[in-house]
Amino acid sequence: MCTAFTFQKGSLYFGRNMDLECHFGEAVVITPRNYPLSTKQAGVLPSHYAMIGMANTTGNYPLYAEAANEKGLCMAGLNFPGNAWYRPEGRPGRRALAPYELIPYLLGSCATLAQARQMLETVDLIAVPFGPGLPLAPLHWILSDASGSLVVEQTEEGMQIYDNPFGVLTNNPPFPFHRENVRQYLPLSACPPRNNFCPPVELTPFGQGAGAWGLPGDFSSASRFIKTLFCKTHSVCGEDEASCVSQVLHVLDAVAMVRGAVVTPEGAPDQTNYSCCINATEGVYYYKTYDNSRVTRIALTPERGQGLELMVFPLRKDADFLEE
Ligand SMILES: C[C@H](CCC(=O)NCCS(=O)(=O)O)[C@H]1CC[C@H]2[C@@H]3[C@H](O)C[C@@H]4C[C@H](O)CC[C@]4(C)[C@H]3C[C@H](O)[C@]12C
């Protein structure tokens with residue numbers, strides 16, 4: 001399970017939890033502007049916008065789970081099993097992209113969400129895996145810039161591009177379910193409840209937090225969507241960078257998976273392998289991992305964007321205690 005959301009405060013911040021029972025060979029990866037990005041059927045982007053995100057780099061290709069480009073456009077792929085559907089082949093006149101190509105291609109080509117939407121209208125997602133040992137990932141995507149967010153889902157009914165006014169995405173069911181489900185939680189509030197239940201009797205809540213009684217706390221996709229949206233909407237946070245990064249990571253903590261609390265059908269414990277916060281406006285990637293709560297910061301500087309090779313920053317997985 002995974003959760004992604006946006007948070008705007010001066011800069012645009014993009015947060016994501018990677019919930020998975022194993023690692024996917026992930027590292028923070030900068031793809032510089034002149035690193036050629038090839039696609040199986042839609043040609044090569046010899047030069048493009050530089051980007052930073054978490055990726056596997058098998059075959060020297062940046063297989064991103066989430067990333068942001070130097071223009072402030074960001075994107076994450078989240079599991080969408082049973083609903084994601086890819087075409088056996090692209091239709092004539094369309095841009096055929098494999099699912100793993102979508103993030104580098106769009107972030108490489110588009111400066112804004114509006115441009116990405118226009119390009120998406122020409123795209124067919126095709127069932128072409130990256131290579132042996134790397135199966136097709138059944139995904140849907142959230143794309144965001146300072147103007148808002150979109151969700152992209154390709155199902156057997158074709159590709160749908162939804163406006164996402166919440167700036168939140170989790171996993172199944174398809175986005176229209178989450179959009180409707182929000183309506184069930186309208187009475188929830190961050191403030192103490194008034195006694196609307198039995199006004200003739202003087203009644204007060206037990207203590208703090210009672211205004212959100214019924215806010216889901218389980219780890220299901222529908223529940224994480226609601227809890228993330230609630231925390232994001234009611235967030236109170238300072239204006240400075242450290243406060244914003246800390247706040248985004250706290251919202252992610254509120255829906256993070258504690259090892260053992262979620263077990264996959266195969267019997268493996270799921271966990272939040274990493275939580276990241278991208279300052280998309282400044283091109284900075286912050287993350288922490290399950291056993292290492294120290295936040296690592298990696299900037300996509302102009303010099304790094306000029307390089308000729310992928311820059312790979314291995315994940316800091318080991319505990320890092322401050323000894324005093
Ligand atoms: C498993 C990840 C999504 C996590 C998630 O949403 N879990 C939810 C579980 S559930 O539905 O709620 O049960 C996805 C997100 C991005 C995916 C990766 C990216 O798509 C890039 C490549 C694509 C290759 O085809 C497979 C390896 C891979 C490196 C993918 C591995 C894996 O499928 C990733 C890491």
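Residues numbered from 1 in each chain as written. Predicted model: local features only at pLDDT ≥ 70, side-chain atom pairs only at ≥ 80, totals over all residues. Heavy atoms only, no water.

- As annotated in an unreviewed UniProt entry, the protein chain carries the name choloylglycine hydrolase and is attributed to Faecalibacterium gallinarum.
- The heading Pathway (unreviewed entry) in the UniProt record of the protein chain holds the text "Lipid metabolism; bile acid biosynthesis." (UniProt positions renumbered as here; feature names shortened; annotations may be inferred.)

Focus on the packing of helix α1 (residues 99-109) against helix α2 (residues 113-120)
Next up, step 1: Two elements in contact, α1 and α2, have axes whose closest approach is 9 Å; the angle formed by their N-to-C orientations is 125°. With respect to α2, the axis of α1 lies oblique. Crossing angle aside, the handedness with which α1 passes α2 is right-handed. Between α1 and α2, the residues in contact are L102, Y105, L106 and S109 and Q115, A116, M119 and L120, respectively.
Next up, step 2: Of the residues that constitute the contact of α1 with α2, the class distribution is six nonpolar, two polar and no charged. (Axes fitted to C-alpha atoms, helices over the stretch in contact; angles between N-to-C directions. Helix = DSSP H or I, 4+ residues; strand = E, 2+ residues; numbered from the N terminus. Parallel < 35°, antiparallel > 145°, perpendicular 65-115°, else oblique. Left-handed = near helix turned anticlockwise from the far one by under 90°. Contact = heavy atoms within 4.5 Å. Nonpolar A, V, L, I, M, F, W, Y, C, P; charged D, E, K, R; others polar.)

Here we look at the sheet that holds strand β2 (residues 11-20)
Next up, step 1: Strand order in the open sheet formed by six strands is β14-β1-β2-β15-β16-β17, and the pairing between neighbours is antiparallel. Pairing within the sheet leaves two strands with one partner each, and these edge strands are β14 (168-169) and β17 (296-299).
Next up, step 2: Sheet topology places strand β1 (residues 2-9) next to β2; eight bridges connect them, and they run antiparallel. By the bridge assignment for β2, A4 is matched with R16.
Next up, step 3: Helix-sheet contacts for helix α4 (residues 221-233) involve β1, β2 and β14, and the interaxial angle to β1 is about 15°. (Pairing = 2+ DSSP bridges.)

Some remarks on the layout of surface pockets
Next up, step 1: The volume enclosed by the largest pocket comes to roughly 940 Å³.
Next up, step 2: If you go around the largest pocket, you meet 36 residues; those closest to its centre are L20, F24, N79, A137 and L139.
Next up, step 3: Of all the secondary-structure elements, those providing two or more residues to the lining of the largest pocket are β2, β7 (63-69), β8 (74-79), α1 and β11 (139-145).
Next up, step 4: Sort the elements by how many residues they give to the lining of the largest pocket and β2 lands first, with four residues.
Next up, step 5: Of the residues belonging to the lining of the largest pocket, the class tally is 25 nonpolar, seven polar and four charged.
Next up, step 6: The volume enclosed by the second largest pocket comes to roughly 620 Å³.
Next up, step 7: Lining of the second largest pocket is provided by 19 residues; of these, P193, R194, P205, A210 and W213 occupy positions nearest its centre.
Next up, step 8: In the lining of the second largest pocket, the residues fall into 10 nonpolar, eight polar and one charged. (1 Å grid on protein atoms, 1.4 Å probe; cavity = no way out; pocket = protein on both sides within 12 Å on 5 of 7 lines; lining within 4 Å. Points joined across faces, edges and corners; volume = space filled by probe spheres on them.)

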